[in-house]
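# Geometric and topological summary
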Amino acid sequence: MIISENISLKEYNTFGVQCYAKRFVSITSFYDLQQLLKSEKELFLLSGGSNMLLTKDIEKLVVFLDFKGISIDRENNNSVHITVNSGENWHEFVLWCISQGFGGVENLSLIPGNVGTCPIQNIGAYGVEVKDTITKVEALEIETGKLLTFSNAECQFGYRNSIFKNEAKGKYILTSVSFQLTKNQHQLNTSYGAIETALQENKITNPTIKDVSDAVIAIRKSKLPDPKEIGNSGSFFKNPLIPTNQFLELQEKHPAIPYYKISETETKVPAGWLVEQCGFKGKRFGDAGVHKKQALVLVNYGNASGKEIYKLAQNIQQTIFDTFKIALEIEVNII
Ligand code: EPU
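All values derive from a computational prediction rather than experimental measurement.

Calculation notes
Residues numbered from 1 in each chain as written. Predicted model: local features only at pLDDT ≥ 70, side-chain atom pairs only at ≥ 80, totals over all residues. Heavy atoms only, no water. Domains from an automatic or database assignment. Contact = heavy atoms within 4.5 Å. Buried area = accessible area lost by both parts, 1.4 Å probe. Salt bridge = Lys/Arg side-chain N within 4 Å of Asp/Glu carboxyl O. Polar contact = N/O pair within 3.5 Å; in protein donor to acceptor, adjacent residues only side chain to side chain. Nonpolar A, V, L, I, M, F, W, Y, C, P; charged D, E, K, R; others polar. Pairing = 2+ DSSP bridges. Helix = DSSP H or I, 4+ residues; strand = E, 2+ residues; numbered from the N terminus. Axes fitted to C-alpha atoms, helices over the stretch in contact; angles between N-to-C directions. Patch = residues over 30% accessible without salt bridge, like charges linked within 9 Å, V, L, I, M, F, W, Y side chains within 5 Å. Areas by Shrake-Rupley, 256 points an atom, 1.4 Å probe, with all protein chains shown as cover. Buried < 20%, exposed > 50% of the residue type's maximum accessible area, 1.4 Å probe, protein only. Near = heavy atom within 4 Å. Lys, Arg positive; Asp, Glu negative; His and termini not counted.

### Observations concerning the domain arrangement of the chain
Domain annotation of the chain identifies domain 1 (4-65), domain 2 (70-182) and domain 3 (231-334). Centre-to-centre, using C-alpha coordinates, domain 1 lies 29 Å away from domain 3. Taken together, the contacts link 11 residues of domain 1 with 19 residues of domain 3. Buried surface at the junction of domain 1 and domain 3, both sides included, amounts to about 1,100 Å², of which 50% is carbon and sulfur. When the buried area of domain 1 at its contact with domain 3 is split by residue, Phe 15, Asn 51 and Leu 53 rank highest and sum to 58% of it. Counting the contacts that link domain 1 with domain 3 gives zero salt bridges. Joining domain 1 to domain 3, the criterion identifies eight residue pairs in polar contact (both at pLDDT 80 or more). When grouped by side-chain class, the residues that make up the side of domain 1 that touches domain 3 number five nonpolar, five polar and one charged.

Below is the structure:
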């Protein structure tokens, strides 16, 4: 375990923003992590770096969590229980599941980031959220060095939300995530319009988990920028939930507004649509911009600073508030 100094974090965040860690350590074993916790308590945890915007250098010790390993805990004819260490890449794990014939995460193909952070924001796409397959999360308590288990219910999952974004924030290091997946009779979720269309185009009437994964990969590639080519952090904002009365007024003015009915009193509207209506889609301000195919995604064309991207985000929030009286909440962690 070597602590290095003044390390650039550009390669460690999918926005590709240049910032420095005063001190940096890469952790590959549970033992090393426990040893580190004996002397260091002020930590900045770094995993896939796919849901953060760095706006300044990091003064705390940056701990890059790089534990690898996947193990099958138990299985029967219908399902399998798997534990995955937090440093495994999410999409590689999904592809491994598909190659093994394990179903449940295929709709979550190609989401950037590592397994250890998937529960924090309860990653979701195309009608599926990761909470649907998680059985438990193991985490090391920073204060005591104790390993604790959070059941699915204890994770308090919600839309892009969990206990790890709320009262447990900053207190734990997630070391592994356990999943229950199907081995046959997969519960395929193809109801999302774009998946149905992609399957129809390929004349697939009886899809496998691989077909669904391939469809999701094709859809994501057509809409979302690849962080290896253009820095980004996926959806920058959450889709806002607004009172249905307010939604109905909006719908009168904009009959084509897409929406998801949540309850009789609340309606969710796509932030991407709101951002597009305000003219930001495809706009570029220096090297910071709004993606041309999905207005919910802010991008770094190369040398934008975190501050510039954040300024653009605030400009978007203010414009949307002035235009629609809707407060857009940022989904990405601003550091
Ligand atoms: N829309 C626009 N303009 C845009 C973008 C979207 O009008 O620039 C409209 C679309 O036409 C569509 C609606 O908004 O009618 C919804 O768009 P989309 O299907 O692309 O989904 P989203 O609600 O914008 C959410 C997730 C994505 C996830 C997709 C698919 C959030 C914050 N985002 O986006 O998640 O991939 O659904 O399930 O919930 C991520 O979190 O990083 C992410 C990419």
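### Quick look at the sheet that holds strand E2 (residues 20-27)
Spatial strand order, E1-E2-E5-E3: four strands in an open sheet with mixed pairing. Single-partner strands in this sheet number two, and they are strand E1 (4-8) and strand E3 (43-46). Going across the sheet, the axis of each strand differs from the next one's by a mean of 45 degrees, ignoring polarity.

### Observations concerning a nonpolar patch on the surface
Together, Tyr 192, Leu 241, Tyr 260 and Ile 262 give the surface a local cluster of nonpolar side chains, amounting to about 350 Å² of exposed area. With respect to the element layout, Leu 241 can be found in strand E14 (residues 241-243). A relative accessible area of 42% places Leu 241 in the partly exposed class.

### Description of the site of the ligand
Tyr 126, Tyr 159, Tyr 192, Ser 235 and Glu 276 are the nearest of the 23 residues found near the ligand. Side-chain polar atom of Arg 220 to an oxygen atom of the ligand: 3.5 Å apart, as the coordinates give it. At 3.0 Å, a side-chain N or O of Lys 223 approaches an oxygen atom of the ligand. Contact with the protein chains hides 82% of the accessible area of the ligand, taken as 820 Å² for the molecule alone.

### Structural notes on the side chain of Glu 88
Among the secondary structure elements, Glu 88 is positioned in the loop between strand E7 (79-85) and helix H2 (90-100). Despite being buried, Glu 88 has no salt bridge partner; Lys 68 is the closest side chain of opposite charge, sitting 5.5 Å away. If we skip the residues at most four places from it in the chain, Glu 88 touches Phe 67, Lys 68, Gly 69, Ile 70, Asn 114 and Val 115.

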